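Residue strings, one per chain:
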Amino acid sequence: MAGYVIRRLLMGLIVIIIVTLMIFLLIRLLPGDPLLVYITQQQFKATTFDPALLEQLRVKFGLDKSLPMQYLSWINGMFHGDFGESIQLRKPVSKLILDRLPVTLQIGIIGAIFATVVGISAGIICALRRGTWLDTVITFLANIGITVPSFWAAILLIYLFGLKLHWVPIGGYTSPFENFWLNTRQIILPVFCEALFGLAANTRLARSCMLEVIDQDYIRTAWAKGLKERVIVWRHIIKNGFIPLIANTGFLVAGLFGGSVIIETLFNIPGVGRLLTTALLGQDYMIVQASTLMMVILITLSNIAVDISYGWLDPRIRYE
Amino acid sequence: MADSSLHGSPSDEATEWDMPVKKYSEFKRTVSVFFGRPLPVVGLVIIAIFIIIAIFGPWIAPHDPLDMDVMNALAHPSKAHLLGTDDIGRDTLSRLIYGARTSLFIGIVVISVSVTIGVFLGLVAANSSSVPHHIIMRITDGLMAFPSILLALLVAGLLGGGLHNIIVALTVGMIAPVIRITCGMALSIKENDYVIAARTIGTSKMRIMLSEILPNCFAPILVMMTMGIGSVILSEASLSFLGVGISPPTPVWGRMVNDGYRYLLTNPELSFAPGVAVMLVVFGFNMMGDGLRDALDPRLRGVV
């Protein structure tokens, strides 16, 4: 087991190194100069364009050095907790991200729990009651759930619960420590919309995983020797059908982070997703590279955690 | 044919081996499984309708999608404008119809490009020695660490809008799973006896790859392509919703939802209608993909 864990950690580390290279090259090699954007915005009223200022800013942000040096100083800085300074906002990127991370994590974690618990339960119910009206309805809803664009579902719910029924505010965010009740009302819709795809995908996956187990010989044997339904369901069906579902948790986390970009922008929530979209549209490289990297690292870490628990649950996997 | 003559023979003494042997056709079986259930057929019909709409758009659309009838801006659905008009008086239904062209075009192009490149790289990775294999697969791991929408958003945001850039961005976002699935399939096919036999009689690596391994990857690739078009259309809608998609005034569904959002209270149909279109198309492709998978090879459940 220890060898397996170390192997997974090393692979995760390699992935993270590759990702830092990808992000760095992607941002540097593509067209567009963030300093030009910045200067044209700042000197909006000035009639003359000052090349000296451009040069000065280039040195200040370290953009005058060669690409490998820029990469190394970026990595070196990160080990010292320095993620660079935002070109547009003139603030340290680490502070910008750390201020917003709890918001994204609150919505993401609640969403992940919601999608896992509700999705898997619904899938298990479908599998156990295969062919009944309940199965048909839930499967149909799940099929809709994986096709609905999350931004559109959000707009529909904002229209219904925000504008027509006035049950929840249509956007914004308040810290739960400040006003817990308002926070709850504000995050209900974002959590649901962000988790919608994962919820539906989990339901479909759980249903087919459980159905696969139900047809196995050992389940028939369990019925034949007269075990109670409760014992068969919990100890044989769910325990065995659960393993592939755990593997899906990694995709779920990735999906939630991807969704946060859209949902936070739509609901006007000050999280990392919205920071990233705004920075991307304003070509603020430092924020884009740091926040993307942070998301990818969190996703990779959750993937490692998933793989380790997977290897612990199913010993066959450790020896592959 | 021997078949019919046997069948028609009046002899009552037909023994077991005289019985007509029905020729087994894999293709017929697949078709009958596919059409045997309602959802895949519904999906196929939806896709067919949207393709017809996309092709014959200019003849079907009641108005020019770019024609601004400012006097009639934000009109509610009526006989003249079945789904009303947007804030500068363009006919929503016509814009929806033209949007179908953009969405389907992008979906099909992106999937064709990413599957071609992805399958090629996947096969190369599966058939090469350790160095190219590791380079391809580690880059794939790196790409898979990103949520695909985020990767597409990054590339699109940095390249800027426009049809070509969106196609590049979405292709980058799609390609990694194709490589990984193809490589995995190819590696497991390689262990089959017929591949070992081919290698034993001295068939070249290239030939084994093209005539033994590739045809056997056909089923998962087809399923991947069908479902992939749906998810590309969904991603494209998300990108254009965020404002990094195809530049206006070209009608695209995602941006239409976003443009209509400002008038949600007075004209909700502006946002609702394009969302329904996205949902229907994606639903169609997903259901058809599900049906194809179950018809071609149910063992692919959970793989593709």
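What counts as what
- Residues numbered from 1 in each chain as written.
- Chains lettered and ligands numbered in written order.
- Predicted model: local features only at pLDDT ≥ 70, side-chain atom pairs only at ≥ 80, totals over all residues.
- Helix = DSSP H or I, 4+ residues; strand = E, 2+ residues; numbered from the N terminus.
- Rg over C-alpha atoms; globule rule 2.2 N^0.38 Å.
- Buried ≥ 20, exposed ≤ 12 C-beta atoms within 10 Å, placed from the backbone.
- Contact = placed C-beta atoms within 7 Å.
- Core = buried A, V, L, I, M, F, W, Y, C linked by C-beta atoms within 7 Å.
- Expected span 1.5 Å × (residues − 1).
- Arc of directions from axis to C-beta.
- pLDDT = per-residue confidence, 0-100.
- Axes fitted to C-alpha atoms, helices over the stretch in contact; angles between N-to-C directions.
- Parallel < 35°, antiparallel > 145°, perpendicular 65-115°, else oblique.
- Left-handed = near helix turned anticlockwise from the far one by under 90°.
- Nonpolar A, V, L, I, M, F, W, Y, C, P; charged D, E, K, R; others polar.

Visitor: I would appreciate a short explanation of the overall build of chain B in the present structure.
Guide: In terms of helices and strands, chain B carries 13 helices and 0 strands. Taking 2.2 N^0.38 as the reference for a compact globule, 304 residues should give roughly 19 Å; the C-alpha atoms of chain B span a radius of gyration of 25 Å, well beyond that estimate. Principal-axis analysis of the C-alpha atoms gives chain B an extent of 85 × 65 × 30 Å. Scored against the burial criterion, the 304 residues of chain B give a buried share of 44%. A sequence separation of at least 24 residues applies to 69% of the contacts in chain B between residues at least 6 apart.

Visitor: Sorry if this is basic, but what is going on with the overall build of chain A here?
Guide: Scanning chain A for helices and strands turns up 13 helices and 0 strands. When the helices and strands of chain A are read in sequence order from the N terminus, they spell out α-α-α-α-α-α-α-α-α-α-α-α-α. Along the longest, intermediate and shortest principal axes, the C-alpha atoms of chain A span 85 × 55 × 35 Å. A total of 320 residues make up chain A; the buried ones form 37% of that total. For chain A, the share of sequence-separated contacts (at least 6 apart) that also reach a separation of at least 24 residues comes to 72%.

Visitor: Just checking my understanding: could you explain the nonpolar core for this structure?
Guide: Most often, soluble globular proteins have nonpolar side chains that are buried together. Formed by 150 residues in total, the largest nonpolar core has its most connected members in Ala154 and Leu196 of chain A together with Leu150, Ala152, Leu153, Leu170 and Val278 of chain B. Of all the elements, helix H8 (residues 180-214) of chain A adds the most residues to this core, at 15 residues. The contact partners of Ala154 of chain A, leaving out residues within four places of it in the chain, are Leu189, Cys193, Ile263, Leu266 and Phe267 of chain A.

Visitor: Is there a simple way to explain the interface of chain A and chain B in this structure?
Guide: By a widespread convention, an interface's size corresponds to the accessible area lost as its parts come together. On the side of chain B, 35 residues touch chain A, which itself brings 36 residues to the contact. Broken down by secondary-structure element, the contributors of at least two residues to the side of chain A that touches chain B are helix H1 (2-29), helix H7 (150-164), helix H10 (229-267), helix H11 (272-281) and helix H12 (285-313) of chain A. The element best represented in the side of chain A that touches chain B is H10 of chain A, accounting for 8 residues.

Visitor: Got a minute to help me understand helix H7 (residues 148-159) of chain B in this structure?
Guide: An α-helix turns once per 3.6 residues; consequently, residues spaced three or four apart project the same way. All names here are of chain B. Here H7 contains 12 residues, and its C-alpha end-to-end distance of 16 Å stays within 8% of the 16 Å for a straight helix at 1.5 Å per residue. In terms of burial, H7 is a largely internal element, 11 of the 12 residues being buried. Looking one or two residues beyond H7, the residue adopting positive phi is Gly160, at roughly 95°.

Visitor: Please clarify how unusual backbone geometry should be interpreted in this entry.
Guide: Most peptide bonds take the trans form, and the phi angle of most residues other than glycine is negative. Residues and elements named next belong to chain A. Although it is not a glycine, His166 adopts a positive phi angle of roughly 55°. Among the secondary structure elements, His166 is positioned in the loop between H7 and H8. On the basis of neighbour count, His166 is assigned to the exposed category, with 9 C-beta atoms found within 10 Å.

Visitor: Looking at this structure, how should I read helix H6 (residues 133-145) of chain A?
Guide: Residue and element names in this part refer to chain A. Between its terminal C-alpha atoms H6 stretches 18 Å, which fits the 18 Å expected from 13 residues at 1.5 Å a residue. For H6, the complete set of buried residues consists of Ile138, Ala142 and Gly145. Along the axis of H6, the buried positions cluster into a sector of 55°, meaning they face one direction only. In H6, the exposed positions that point more than 90 degrees away from the buried face belong to Trp133, Val137 and Phe140. On its buried face, H6 is in contact with helix H5 (93-128) and H8.

Visitor: Whenever I open this one, the environment of Leu151 of chain B confuses me. Can you help?
Guide: All names here are of chain B. Tracing the backbone through its elements, the reader meets Leu151 in helix H7. The spatial distance from the C-alpha of Leu151 to the C-alpha of Val172 is 7.3 Å, given a sequence separation of 21 residues. Residues in contact with Leu151, not counting those within four places in the same chain, are Leu143, Phe146, Val172 and Gly173.

Visitor: Help me understand the confidence of the model for chain B in this model?
Guide: The predicted coordinates of low-pLDDT regions are not to be read in fine detail. Averaged over every residue, the pLDDT of chain B is 83; residues scoring 70 or more account for 90%. Our summary of model confidence lists the complex with pTM equal to 0.85 and ipTM equal to 0.83.

Visitor: How do you make sense of the environment of Ala153 of chain A when you look at a structure like this?
Guide: Residues and elements named next belong to chain A. In this structure, Ala153 sits in helix H7. With 21 C-beta atoms counted inside 10 Å, the residue Ala153 sits in the buried group. Not counting residues within four places of it along the chain, the set of residues in contact with Ala153 comprises Val148, Cys193 and Leu196.

Visitor: Is there a simple way to explain the packing of H7 of chain B against helix H8 (residues 163-190) of chain B in this structure?
Guide: The packing of two helices is summarised by the inter-axis angle and the distance between the axes. All names here are of chain B. H8 packs onto H7 with a crossing angle of 150° between their chain directions and a minimal axis gap of 8 Å. The angle between H7 and H8 falls in the class roughly antiparallel. Remark: the crossing between H7 and H8 carries right-handed chirality. Judged by residue contacts, Ser148, Ile149, Leu151, Ala152, Val155, Ala156 and Leu159 of H7 engage Asn165, Ile166, Val168, Ala169, Leu170, Val172, Gly173 and Met174 from H8. Grouping the constituent residues of the contact of H7 with H8 by class yields 12 nonpolar, 3 polar and no charged.

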